[in-house]
Amino acid sequence: MTQTEVQPTVSAHAHHAPPERKWWHYFTFNTDHKVIAIQYLVTSFIFYLIGGVMASAMRTELATPNSDFVSPETYNNLLTLHGTIMIFLWIIPAGAGLANFLIPLMIGARDMAFPKMNALAFWMIPPAGIMLALSLLVDAPQAGWTSYPPLSLMTGKVGEGIWIFSLLISGTSSILGALNFLVTLLKMRVPSMGLNSMPLFCWSMLATSALVLIGTPVLAGALILLAFDLLAGTAFFNPSGGGDPIVYQHMFWFYSHPAVYIMVLPLFGAISEILPVHARKPIFGYRAIAYSSLAIAFLGLIVWAHHMFTSGTPAWLRMFFMITTMVIAVPTGIKVFSWLGTLWGGKIALNSAMLFAVGFIAVFVIGGISGVMVAAVPFDIHVHDTYFIVAHLHYVLFGGSVFGIYAALYHWFPKMTGRMMNEPLGITHFILTFIGMNLTFMPMHVLGLQGMNRRVALYDPQFTTLNQVCTVGAYLLAISTVPFLFNAIWSWSKGRKAGDNPWKALTFEWLTTSPPAIENFEVLPVLTWGPYDYGVEHLSEGEEPPLTSPELQPNTSVAS
Amino acid sequence: MQGSTVDSTKTALNYHAEMTVDHHEEHPDHRIFGVIVFLLAESMIFLGLFSAYLTFRAVYPEWPPAGTPERELLLPGINTIILISSSFVIHQADTAIKKNDVKGLQTWFVATAIMGIVFLAGQLYEYHHLEFGLKTNLYASTFYVLTGFHGLHVFFGLVLILAVLWRSFKPKHYSNEEHFGVEAAELYWHFVDVVWIILFILLYLL
Ligand SMILES: [Cu+2]
């Protein structure tokens, strides 16, 4: 037993039928959090496709050691835009999209705290992204997504200027979004929901929002100084004028390491929602998962210089950052073990959402392990700027974030659209993605250990075979998007009707209609039991809910 | 009653019925909390820039770098006093509106706005008479960018104050119960003030 709806207030809302949602609302400045969520998700997915085309072009170039598909300069442009677009216009806004859809529904609110600001935050994304993508036609940036000076000051003012400006806009967007999430989560929960009975997705968004609010402004500061160097001729970061490029690196990574968690924490939250539903079991270690998000956020703020082990960082400082970086594996490990504990002995339904969720755990753990490896200073000095890092970051950002986003889309698609997605297509999508992902990025570990440099279009012929394997994997990944796209578009209009709660899930968003009505709830829900009490019989006063699988409990029947 | 595995509607109803609140009838105001969170995020930009400044300073053998012209303290000193006092002045406006005194609110807001304008004018005057330019050296660059960025914030604060002032002439726009705009402008102004105090210490005194 969990939540119920109660009818004490049949006031304002009962008098007039709520206005209908029209398709063209999605193209306007609408303040409904659900409209904004769909806008975020669709827009960011389009940028994902754009970034993916760029990745495929790069992999095509890398199929041979020579420069034969695109010029080395174009390769640099593609490399820079691919990284920037995937991070700032796909994963971060996609997380914001999920948060927009789920937070008010999960906490029983009718909308976000500041709906207009919410819409404003979304509408900054398209101009920032279009500007960046179109820069390819004029003079694209080519200093990599990190844009280190002095390189970034020497590769063309127009492209770099567009890059800075675009990031300032999308950064502002994510600050305004996070401000909304934080205030909504802290102030707008239904009265019966304490912090410790929030769904775990809400906890992860609390941590994410804090990171955005602390980190992103510092990046903005760095970008402002970089813009002065680039356009006004100052020398903050330019050594030839007496500046210090290392300061840029510190400011950049002070944001960009936490950005890793900004990109993956929302999906940690989503996985924590998806697993108990499809394993029909209470989540294992609710508080451990909830508080480890906060621990990750805190530790994430004090590890940034592990990206700078080869930048002349003094030895004692490298020691500090090595240790904090390794420590961050602990709260992450706590989450992984809690997820495994949740799966253990559950009645697992291996549908598309669950496949991606389990795939997420498997692949993310590989990225986590290589993360601990590169945290070690001596190892990092060896593999710095090689394909080992490329492999590591893609296991975290593709295997983690992208798998997580797919899992979340399959899980909440019925709620968002009112229709089910097609399962065979979803499973095909998963199999192709899983094989393609590992085929693309696993060989890069080897390439990196053998010393192949990243960020360069040309390479030594001895690396050809493995690179061709990577390229085949990349094509497979490109193909894997087709069944998903087809599935999403087809199911949105023709899919089987989902009903309010197709998964028999217990969090608030499943109590309302699918798709939810304009103000979410006819009457506000009341929380009477935890969000993950699957297979738990309603207990009398004073009894504790079981902590492990219901099958292991004496004398309890398993519901559903 | 969707989504439950075991039917116990009645218990739930009895237990929690008295706790349900309709959000639309008693909408609690989160705007001030929002402003505070926003200012905390804003302060991170300044914190980042201050850290950059301190790092430049720590790495340089001599600070300000050799050849930087002497800085005049009199004008910025007076400016600082004006800006700090304006924080007390704007607080009087807040006190006034809490007593439903719209006239008082207007008077104190006009006073604050004048002090803000004097501050900005003083800063422009200083820019014109300084013997170093934006690109003279690293100290000069950080000086101009930091004070300029702060000046931009003073300007925004001024716009906020004037907007609130404009609205206060509409009848019954602000009262002892509804004066979010006044509070937001005041908070923002205090923020700008605190940032200036740190900047003044960093750039002029240290
Ligand atoms: Cu990092």
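What you are looking at is a predicted structure, and each value in this text was computed from that prediction instead of being measured.

1. Structural notes on the overall build of chain B
Helix and strand counts for chain B stand at six helices and zero strands. Taken from the N to the C terminus, the helices and strands of chain B come in the order α-α-α-α-α-α. Burial statistics for chain B: of 206 residues in total, 48% are counted as buried. Nonlocal contacts in chain B, meaning residues at least 24 apart in sequence, comprise 79% of its contacts between residues at least 6 apart. As presented, chain B carries roughly 10,600 Å² of accessible surface, and 67% of it is formed by carbon and sulfur atoms.

2. Here we look at the coordination of the copper ion
All names here are of chain A. Those protein atoms acting as donors to the copper ion are H257 (ND1), H306 (NE2) and H307 (NE2), and they sit at 1.8 to 2.0 Å. Motif for the copper ion, donor spacing along one chain: H-x48-H-H. Placement of the pair is H257 in helix α9 (residues 245-279) and H307 in the loop between α10 (286-300) and α11 (315-327), with a sequence separation of 50 residues. For H307, a relative accessible area of 23% gives the class partly exposed.

3. Re helix α12 (residues 329-343) of chain A
Between its terminal C-alpha atoms α12(A) stretches 21 Å, which fits the 21 Å expected from 15 residues at 1.5 Å a residue. The secondary structure elements touched by the buried residues of α12(A) are α9, α10, α11 and α13 (352-375) of chain A.

4. Remarks on the packing of helix α15 (residues 387-417) of chain A against helix α16 (residues 423-449) of chain A
All names here are of chain A. Two elements in contact, α15 and α16, have axes separated by 7 Å at closest approach and are oriented at 165 degrees. As summarised for this structure, α15 and α16 are arranged roughly antiparallel, according to the angle between their axes. When the axes of α15 and α16 are compared, the crossing they make is left-handed. Split by residue class, the contact of α15 with α16 holds 17 nonpolar, nine polar and no charged.

5. Concerning the confidence of the model for chain B
As a general rule, the predicted coordinates of low-pLDDT regions are not to be interpreted in detail. Residue and element names in this part refer to chain B. On average, residues of chain B score 84 in pLDDT, and 86% of them reach the 70 mark or higher. Per-residue pLDDT stays below 50 along residues 1-27; that stretch engages in 64 contacts with residues further than four places along the chain or on separate chains. Interface confidence for the predicted complex, given as ipTM, is 0.87, next to a pTM of 0.89.

6. Some thoughts on the packing of aromatic side chains
Here the structure, examined in full by the defined rule, presents 60 aromatic pairs over all chains. With a centroid separation of 6.4 Å and 65 degrees between ring planes, the pair formed by A:F45 and A:Y406 is classed as edge-to-face. Placement of A:F45 in helix α2 (residues 33-61) and of A:Y406 in helix α15 is noted, with a sequence separation of 361 residues between them. Judged by its relative accessible area of 2%, A:Y406 is buried. Here A:F320 and A:F321 contribute two aromatic rings whose centre-to-centre distance is 5.0 Å and whose plane-to-plane angle is 85 degrees, an arrangement assigned as edge-to-face. A residue is classified by how much of its surface remains accessible, and A:F320, at 39% relative accessible area, is partly exposed. One aromatic cluster is present, formed by A:F45, A:Y48, A:W90, A:F356, A:F398, A:F403, A:Y406, A:Y410, A:F430, A:F434, A:F441 and A:F484 through successive ring pairs. Just above the ring of B:F33 sits the side chain of A:K187; from NZ or CZ to the centre is 4.6 Å. One residue, B:R31, lies across the ring of B:F180, its end atom 4.3 Å from the ring centre.

Parameters and conventions
Residues numbered from 1 in each chain as written. Chains lettered and ligands numbered in written order. Predicted model: local features only at pLDDT ≥ 70, side-chain atom pairs only at ≥ 80, totals over all residues. Heavy atoms only, no water. Helix = DSSP H or I, 4+ residues; strand = E, 2+ residues; numbered from the N terminus. Buried < 20%, exposed > 50% of the residue type's maximum accessible area, 1.4 Å probe, protein only. Contact = heavy atoms within 4.5 Å. Areas by Shrake-Rupley, 256 points an atom, 1.4 Å probe, with all protein chains shown as cover. Donors = N, O, S within 2.8 Å, 3.2 Å for Na, K, Ca; no water. Expected span 1.5 Å × (residues − 1). Axes fitted to C-alpha atoms, helices over the stretch in contact; angles between N-to-C directions. Parallel < 35°, antiparallel > 145°, perpendicular 65-115°, else oblique. Left-handed = near helix turned anticlockwise from the far one by under 90°. Nonpolar A, V, L, I, M, F, W, Y, C, P; charged D, E, K, R; others polar. pLDDT = per-residue confidence, 0-100. Phe/Tyr/Trp six-rings, centres within 6.5 Å; stacked < 30°, edge-to-face > 60°. Lys NZ or Arg CZ within 6 Å of the ring centre and 35° of its normal.

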